[in-house]
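Examining the three-dimensional arrangement
In case you want the letters, here they are:
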Amino acid sequence: MDLSANIAIKIRQLLQGETIPYGQLRSKVIDKMIDNGILHIKLQGRSRKTIFATKPEAISNFLSNQLGINDLNVYIENLEYGNSRAGNIVASSNSKLSSRRTFKGFLVNCYTPIEASINKHNFTLRPQAGTYTYIHDFEDFVIPKNTVVVGIENPENFRFINKQKHLFNNQSILFVSRYPQSKDLISWLQNIPNKYLHFGDFDFEGIRIFKDEYFQYLKNKASFFIPEHVEQLISSYGNKKLYDTQYKSTTSETLALNEDIENLIFLFHKYKKCLEQEILIKVR
């Protein structure tokens, strides 16, 4: 995949929090970032589409891992001055950028042992405190059918799952991390019978991530985790700035996937607050 100077400049604008019309970002690189959930499309009016990013670090990781671009500013400067063989670019023999994947797969964690198999070899998932297990050959990774897969957005929650076990009623649970972002996790989830529960931020963006990255592929196999005492949490610990920022840029009507999520969105509007999932590490 080639990254032109024009598209590179647009990506830099996205990194700075700007929203850009979709028509200005026609590129295979952009399409791949959209497919991987790194960039997002927002419909304004009946037909106008814009592109925006919510996690700038995901763009930086993509540029580094997929294109070998470690410093976008230097990359743009070198292209503008006609030097495309900068030291921060991984180049092929014909001086064109080469797409590469340093890793495939995803991280998993659990607080009770889970019997699993990979490549038809049985083993027990039992990560020690302070460690995770990385599943590389995910295509042949099998877990018990009654184990619920819980996808976690934020690294801190993924790290401290033991502090949140009271939320899940002693179920057999395999926690999976949303990062590093790729299509590998959703591909695995589509090919196993297990239920998927999305554990993310309780805000408009958390629901959008669930809708665009999981629900559209998994349908009724996927649900959005909402704790029983969520209203109390939003009222006591909610973030008004988070609500104000996201409500201006997100059409909440498009996120109402079911009655539970509709009720959650109602609470956002009722208290003019949203809630980051990290609060559940500290509050019982």
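Coordinates for the structure precede this section.
What this report covers is the structure whose coordinates are included nearby. (Residues numbered from 1 in each chain as written. Predicted model: local features only at pLDDT ≥ 70, side-chain atom pairs only at ≥ 80, totals over all residues. Heavy atoms only, no water.)

Some details on the packing of helix H1 (residues 5-15) against helix H3 (residues 56-67)
- Running from N to C, H1 and H3 point in directions that differ by 150°, and their axes come no closer than 9 Å. With respect to each other, H1 and H3 are oriented roughly antiparallel. Seen from H1, the contacting residues are Ile11, Leu14 and Leu15; seen from H3, they are Pro56, Ile59, Ser60 and Leu63.
- Residues of the contact of H1 with H3, tallied by class, amount to six nonpolar, one polar and no charged. (Axes fitted to C-alpha atoms, helices over the stretch in contact; angles between N-to-C directions. Helix = DSSP H or I, 4+ residues; strand = E, 2+ residues; numbered from the N terminus. Parallel < 35°, antiparallel > 145°, perpendicular 65-115°, else oblique. Contact = heavy atoms within 4.5 Å. Nonpolar A, V, L, I, M, F, W, Y, C, P; charged D, E, K, R; others polar.)

Points about the layout of surface pockets
- Counted as a void, the second largest pocket has a volume near 560 Å³.
- For the second largest pocket, the lining is made up of 25 residues, of which Ala53, Thr54, Glu205, Thr245 and Gln246 are closest to its centre.
- For the lining of the second largest pocket, the secondary-structure elements that each account for two or more residues are H1, strand S3 (48-53), helix H7 (204-218) and helix H9 (240-249).
- Its residues assigned to classes, the lining of the second largest pocket comprises seven nonpolar, eight polar and ten charged. (1 Å grid on protein atoms, 1.4 Å probe; cavity = no way out; pocket = protein on both sides within 12 Å on 5 of 7 lines; lining within 4 Å. Points joined across faces, edges and corners; volume = space filled by probe spheres on them.)

Focus: the sheet that holds strand S1 (residues 20-21)
- If you trace the three strands from one edge of the open sheet to the other, you get S1-S3-S2, paired in antiparallel fashion. The open sheet is flanked by S1 and strand S2 (39-44), the only strands paired with a single partner.
- Here S2 pairs with S3 via six bridges, running antiparallel. Across the sheet, the residue bridging to Lys42 is Thr50, located in S3. (Pairing = 2+ DSSP bridges.)

Looking at the environment of Ile7
- One can find Ile7 in helix H1.
- By relative accessible area, Ile7 is classed as buried at 5%.
- Each C-alpha atom of the pair Ile7 and Leu25 lies 6.5 Å from the other, and the pair is 18 residues apart in sequence.
- Those residues in contact with Ile7 that sit more than four places away from it in its chain are Gln24, Leu25, Arg26, Ser27 and Ile30. (Buried < 20%, exposed > 50% of the residue type's maximum accessible area, 1.4 Å probe, protein only.)

Points about the environment of Asn78
- By secondary structure assignment, the location of Asn78 is in helix H4 (residues 72-80).
- Measuring from C-alpha to C-alpha, the distance between Asn78 and Ala5 comes to 9.2 Å, with 73 residues separating the pair along the chain.

Remarks on H4
- Of all the positions in H4, only Leu72, Tyr75, Ile76 and Asn78 are classed as buried. On an axial view of H4, the arc spanned by its buried residues comes to 165°, and they lie on one face.
- For H4, the secondary structure elements touched by its buried residues are H1 and H3.
- Residue Asp71 occupies the N-cap position of H4, its side-chain oxygen lying 3.1 Å from the main-chain nitrogen of Asn73. (Arc of directions from axis to C-beta. Polar contact = N/O pair within 3.5 Å; in protein donor to acceptor, adjacent residues only side chain to side chain.)

Notes on H7
- Here H7 spans 20 Å end to end across 15 residues, near enough to the 21 Å set by a 1.5 Å rise per residue.
- Along H7, the helix axis deviates most sharply at Lys211, where the bend reaches about 40°.
- Across the 15 residues that make up H7, a large majority, eleven, are buried.
- Every buried residue of H7 is listed here: Phe204, Glu205, Gly206, Ile207, Arg208, Ile209, Phe210, Glu213, Tyr214, Phe215 and Leu218.
- The N-capping residue of H7, defined by a side-chain oxygen 3.3 Å from the backbone nitrogen of Glu205, is Asp203. (Expected span 1.5 Å × (residues − 1). Bend = angle between axes of the 7 residues up to and from the residue.)

Things to note about unusual backbone geometry
- Although it is not a glycine, Asn119 adopts a positive phi angle of roughly 55°.
- Relative to the assigned elements, Asn119 resides in the loop between strand S5 (114-118) and strand S6 (121-125).
- Exposure remark for Asn119: the relative accessible area of 34% places this residue in the partly exposed category.
- Despite not being glycine, Lys219 shows a phi value in the positive range, around 50°.
- On the secondary structure map, Lys219 appears in the loop between H7 and strand S12 (222-224).
- Given a relative accessible area of 47%, Lys219 falls into the partly exposed group.

As far as function goes, none of this settles anything; it's purely spatial.
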